[in-house]
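Residues per chain, in single letters:
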Amino acid sequence: QVYKGLDIITNKVSPQEQRLCRHHMISFVDPLVSNYTVVDFRDKAVPLISYIFARNKIPIVVGGTNYYIESLLWKVLINTKEKPSSAPRLDSDRKVELEQLDSAELHRRLSQVDPEMAAKLHPHDKRKVARSLQVFEETGIPHSEILHQQQEEEGGGPLGGPLKYPHSCILWLHADQAALDARLEKRVDDMVAAGLLEELRDFHRRYNQEKVAENRQDYQHGIFQSIGFKEFHEYLVSEGNCSPETSALLLEKGIQALKQVTKRYARRQNKWVRNRFLKRPGPNVPPVYGLEVSDVQRWEEDVLKPALEIVESFIQGREPPAEPLRMEHDEKENKRSQHVCELCDRLIIGDREWAGRAQT
């Protein structure tokens with residue numbers, strides 16, 4: 001009954017959950033598309049949300065990629081060139097072309113057309129520098145100027161434009177770190193037992209083997225940058241060409257690497273929620289309600305019941321029984337400030353990082 005009447009937008013779902021309610025945006029992009037972006041995601045998800053609202057239903061956005069969720073909550077992204085209505089192009093887009101340039105050359109070009117944005121971005125952050133250059137090339141307007149326009153709109157703030165859907169709330173499922181780590185390690189073991197290796201072998205044979213042979217492998221774009229591919233690179237390319245003992249060692253190395261990067265990614269996700277949602281400055285921030293999931297035996301008491309009460313309160317227009325989470329933030333903190341450490345000859349971005357280094 002919990003799922004009845006819901007429409008869920010997510011990229012992570014079990015077959016059992018799919019049978020309980022309607023899900024959207026699952027297995028809809030060819031895995032070889034390397035230039036699918038958060039803008040593409042937003043442009044497909046927003047009409048779906050409107051469609052769900054039009055049917056007098058509640059859209060539930062579920063996922064672990066908080067940047068993508070953020071693109072649906074706030075007006076924070078920039079449209080550049082119009083794309084055809086079909087699926088994303090298979091050929092490289094301008095941003096990928098720019099990323100092939102040297103970091104210093106990229107940053108020099110950005111400094112010429114948008115010195116404000118260049119001053120905020122680390123010279124070695126090729127992706128962000130390339131994106132800012134792409135925005136200028138395809139719109140004719142400096143990236144920093146467009147961001148200022150968004151922030152100055154009614155309801156906008158230091159981190160972007162206004163909320164798209166003012167009557168929203170965020171349910172954040174969090175767990176004790178030790179319990180979360182153990183759960184993530186078990187999930188990797190379960191994935192291996194369920195056939196992860198055969199799936200990787202098949203994908204490697206069909207799409208990756210030729211690239212490896214021609215030294216064209218790129219683990220920075222498309223599906224190959226996803227957690228679970230590069231960790232097993234050594235095992236996949238050497239399988240059948242080394243001793244069984246060596247192959248077993250490489251396999252175990254890949255499994256342990258997958259566990260480590262999965263736990264590291266979960267920590268980054270939690271940090272994102274704290275820094276981008278809980279500490280977000282500005283008036284238009286949806287309330288964030290924490291739900292403790294350390295003990296799965298207490299799922300109904302700690303998660304299901306309070307979540308239903310919170311959502312029902314929002315639907316009925318009354319205050320939920322639970323208090324939203326709050327974290328203090330320094331409104332004067334500049335996350336893009338640049339500091340040069342003369343001792344280590346490094347460029348440090350952000351007041352907090354600089355203050356932390358000064359204490360060490």
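As annotated in an unreviewed UniProt entry, the protein is tRNA dimethylallyltransferase from Acrocephalus arundinaceus. Taken directly from UniProt, the Sequence similarities (unreviewed entry) text for the protein runs: "Belongs to the IPP transferase family." The Catalytic activity (unreviewed entry) field of the UniProt record for the protein holds the comment "adenosine(37) in tRNA + dimethylallyl diphosphate = N(6)-dimethylallyladenosine(37) in tRNA + diphosphate".

A. Main features of a nonpolar patch on the surface. Residues Leu171, Leu173 and Trp299 make up a contiguous nonpolar surface patch of roughly 260 Å² in combined accessible area. Along the chain, the position of Leu171 falls in strand β4 (residues 170-174).

B. Examining helix α8 (residues 143-152) more closely. Taken together, the buried positions of α8 are occupied by His143, Ser144, Ile146 and Gln150. Considered in projection along α8, the buried side chains sweep an arc of 160° and stay on one side of the axis. Lining the buried residues of α8 we find α6 (115-120) and α7 (126-139).

C. Spotlight on the environment of Arg94. Within the secondary structure, Arg94 sits in helix α4 (residues 94-99). Along the chain, Arg94 and Val135 lie 41 residues apart, while their C-alpha atoms are 9.8 Å from each other. In this structure, Arg94 is in contact with Arg109, Gln134, Glu137 and Glu138, ignoring residues within four places of it in sequence. Reaching out from Arg94, the side chain makes a polar contact with the side chain of Glu137 at a distance of 2.6 Å.

D. Here's a closer look at the packing of helix α3 (residues 66-73) against helix α12 (residues 244-278). With their axes 10 Å apart at the nearest point, α3 and α12 run at an angle of 30° to one another. Our classification of the angle between α3 and α12 gives roughly parallel. Residues Asn66, Tyr67 and Glu70 of α3 lie in contact with α12, whose contacting residues are Gln269, Trp272, Val273, Arg276 and Phe277. Its residues assigned to classes, the contact of α3 with α12 comprises four nonpolar, two polar and two charged.

Rules behind the numbers
Residues numbered from 1 in each chain as written. Predicted model: local features only at pLDDT ≥ 70, side-chain atom pairs only at ≥ 80, totals over all residues. Heavy atoms only, no water. UniProt positions renumbered as here; feature names shortened; annotations may be inferred. Patch = residues over 30% accessible without salt bridge, like charges linked within 9 Å, V, L, I, M, F, W, Y side chains within 5 Å. Areas by Shrake-Rupley, 256 points an atom, 1.4 Å probe, with all protein chains shown as cover. Salt bridge = Lys/Arg side-chain N within 4 Å of Asp/Glu carboxyl O. Helix = DSSP H or I, 4+ residues; strand = E, 2+ residues; numbered from the N terminus. Buried < 20%, exposed > 50% of the residue type's maximum accessible area, 1.4 Å probe, protein only. Arc of directions from axis to C-beta. Contact = heavy atoms within 4.5 Å. Polar contact = N/O pair within 3.5 Å; in protein donor to acceptor, adjacent residues only side chain to side chain. Axes fitted to C-alpha atoms, helices over the stretch in contact; angles between N-to-C directions. Parallel < 35°, antiparallel > 145°, perpendicular 65-115°, else oblique. Nonpolar A, V, L, I, M, F, W, Y, C, P; charged D, E, K, R; others polar.

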